Amino acid sequence: MNIIDRYIGRQVLVSSFFAVLVLSVVLILGNVFKHILTQLVERPDMDIGFVFKFMLYVLPFSLSLTIPWGFLTAILLIFGRLSADNELISLRMAGMSMPRICYSVGLVGLLFTGLCAWMNISVSPSAKSKMVSMLPDMIFNMAAEDPLSLFTDRQVMDEVPRHLIWAQKSEDGKSLLNVQIVIMDDRKRPETFVIAEHVDVRTELGGASPAMVLELHNALFEQKSDPDPKKFTEAQTFLARNGAIDVPLDRLQEKQNKFRPEIMSFGALFDSLKTGDLDRGKTSSVKTEISLRMSFSMACITLGIIGIPLGITAQRRETSIGFAMSLLIGVLYFLLIVIADIMRENDSVYPQFLVWLPNLLFLCLGLFLFRRLSQK
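By convention here, each chain's residues receive numbers from 1 onward along its written sequence. With the structure being a predicted model, the display of local features is reserved for residues of pLDDT at least 70 and the display and counting of side-chain atom pairs for 80 or more, all residues being used for whole-chain, interface and lining totals. With hydrogens and water stripped out, all remaining heavy atoms of the structure feed into the side-chain values.

Please give an account of the pattern of salt bridges that cites residues and values.
Salt bridge, as applied in this entry: a Lys or Arg side-chain nitrogen positioned within 4 Å of an Asp or Glu carboxyl oxygen. Summed over all chains, the structure comprises 8 salt bridges. One salt bridge in this structure joins Glu 87 and Arg 81, with 3.0 Å as the shortest N-O distance. Three labels apply to residues, based on accessible area from a 1.4 Å probe with only protein chains included: buried if under 20% of the type maximum, exposed if over 50%, partly exposed otherwise in between. Under the relative-accessibility criterion, Glu 87 is labelled partly exposed at 24%. With a shortest N-O distance of 2.9 Å, Arg 280 and Asp 347 are connected by a salt bridge. Taken together, the positions of Arg 280 in helix H8 (residues 280-297) and Asp 347 in the loop between helix H10 (319-342) and helix H11 (351-354) put the pair 67 residues apart, joining distant regions of the chain. Since its relative accessible area comes to 63%, Arg 280 is described here as exposed. Given a relative accessible area of 25%, Asp 347 falls into the partly exposed group. What emerges from the salt-bridge pattern is a single network uniting Glu 289, Arg 293, Asp 341 and Arg 344. Put simply, DSSP H or I for four residues or longer makes a helix, DSSP E for two residues or longer makes a strand, and each gets a number counted from the N terminus.

Following this line, the structure appears as structure tokens:
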């Protein structure tokens, strides 16, 4: 019996490792292309260490997705092969029940469940928090060392909130030419428009509010004069031979300071509920985040139970069938999770319970199929 347990458990564990490895590489590269590729194109002198650090922070919450998916893929492949080779028939003829055959798989599933729980509850929120602050910190450091490096020739610089700046770099690379600046309010409605023939850039970091100072030469200002934010019919226009605009760099922290339950620690989520300072939408979002982390940690058990009967029923040795089935099941499971997560602030639909629905549906279906398989 120990030989059989080691035989099945080792195959599932090894196959899961390679499946998780492949899926993690795909997800990490996808996040790099989504968030970093533009920065690399615009700023080819970016430190390569920044990219590797970003990939390191993406890895934990990538693993929270790829471990259940890889475990499901491994089960479909291994049990499909065992069924196609009639090895399962031999084990059943030897008097072994299906629960006993799957004993080692259950141990591997419990191991992965504990690992996913640790990832979802502790590691992933911390990694997400650091990843959110990476780009603003990089931009702040670039502004402190060389503010002109923030600007790409004939491209819009929008990294600083509420500011859109288009500029052409001079031939010596020490100033900006033909600059166009749009300054917006909190709701991203334009308040001021500036055109300048020549701009020198410097930073002032010593004060209470660090800022990037744009020294304008031969500038045209057009500013909305009506205090009503909905009215744009009247504007004040004036010319200035020389002037300056301060671009506050502390606004880079605005995105980080937003209420984000997904980057809060597990303890901080419960503490925020105890204070009673949150509105209904934020309270619902916090409750949903707590349920989501716990529910998502159970994905390995849920997908494993439904994967065993499906893998045996398929009776295929080909890896393409196993991958196709795992893709279909995984997409459906994670799609239901995403739909419930989208409604996290709508407390009228109880999203904190909806995130458990995929586990409940797949678990009931898996237990039904497993019971039918055991009775054959």
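Summarise the environment of Leu 107; cite the residues concerned and give the values.
Summarising the element assignment, Leu 107 is placed in helix H6 (residues 103-145). Overall, Leu 107 belongs to the partly exposed group, its relative accessible area being 44%. In this structure the C-alpha to C-alpha distance between Leu 107 and Gly 9, which are 98 residues apart in sequence, comes to 8.3 Å.

Can you break down helix H7 (residues 266-275) residue by residue, with the values?
Those residues of H7 that sit buried are Phe 266, Leu 269 and Ser 272. Here the buried residues of H7 occupy an arc of 125° about the axis, which is enough to place them on one side. Gly 276, located one to two residues past H7, shows a positive phi value of around 75°. Think of it as the arc spanned by the lines of direction from the helix axis to the C-beta atoms.

Please give an account of the pairing of strand E3 (residues 176-184) that cites residues and values.
Here the rule is simple: two strands pair whenever DSSP picks up at least two bridges between them. Pairing of strand E2 (residues 163-169) with E3 involves 6 bridges; the strand directions are antiparallel. When the bridges of E3 are listed, Leu 164 appears paired with Val 182. Here E2 hands over to E3 after 6 residues, with Gly 173 in that stretch at a positive phi of 70°. Sheet analysis places E3 next to strand E4 (residues 190-204), joined by 8 bridges and oriented antiparallel. Note on E4: the bridge partner recorded for Gln 180 is Ile 195. Between E3 and the antiparallel strand that follows it, E4, lie 5 residues; Lys 188 among them carries a positive phi value of about 60°.

Before we move on, could you go through the nonpolar core and cite the residues and values that matter?
In these notes, a set of buried Ala, Val, Leu, Ile, Met, Phe, Trp, Tyr and Cys residues joined through side-chain atoms within 4.5 Å is what counts as a nonpolar core. In this structure, Phe 151, Ile 181, Met 212, Leu 214 and Leu 216 are the most contacted members of the largest nonpolar core, which totals 38 residues. Contributions of two or more residues to this core are made by helix H1 (2-35), helix H3 (48-84), H6, E2, E3, E4, strand E5 (211-224) and strand E6 (235-248). In terms of residue count, the dominant contributor to this core is H3 (6 residues). Pairs of residues are marked as contacts when any of their non-hydrogen atoms sit within 4.5 Å. Ignoring any residue separated from it by four or fewer positions in sequence, one finds Met 212 in contact with Pro 147, Leu 150, Phe 151, Met 157, Val 201, Arg 202, Thr 203, Ile 245, Asp 246, Val 247 and Leu 249.

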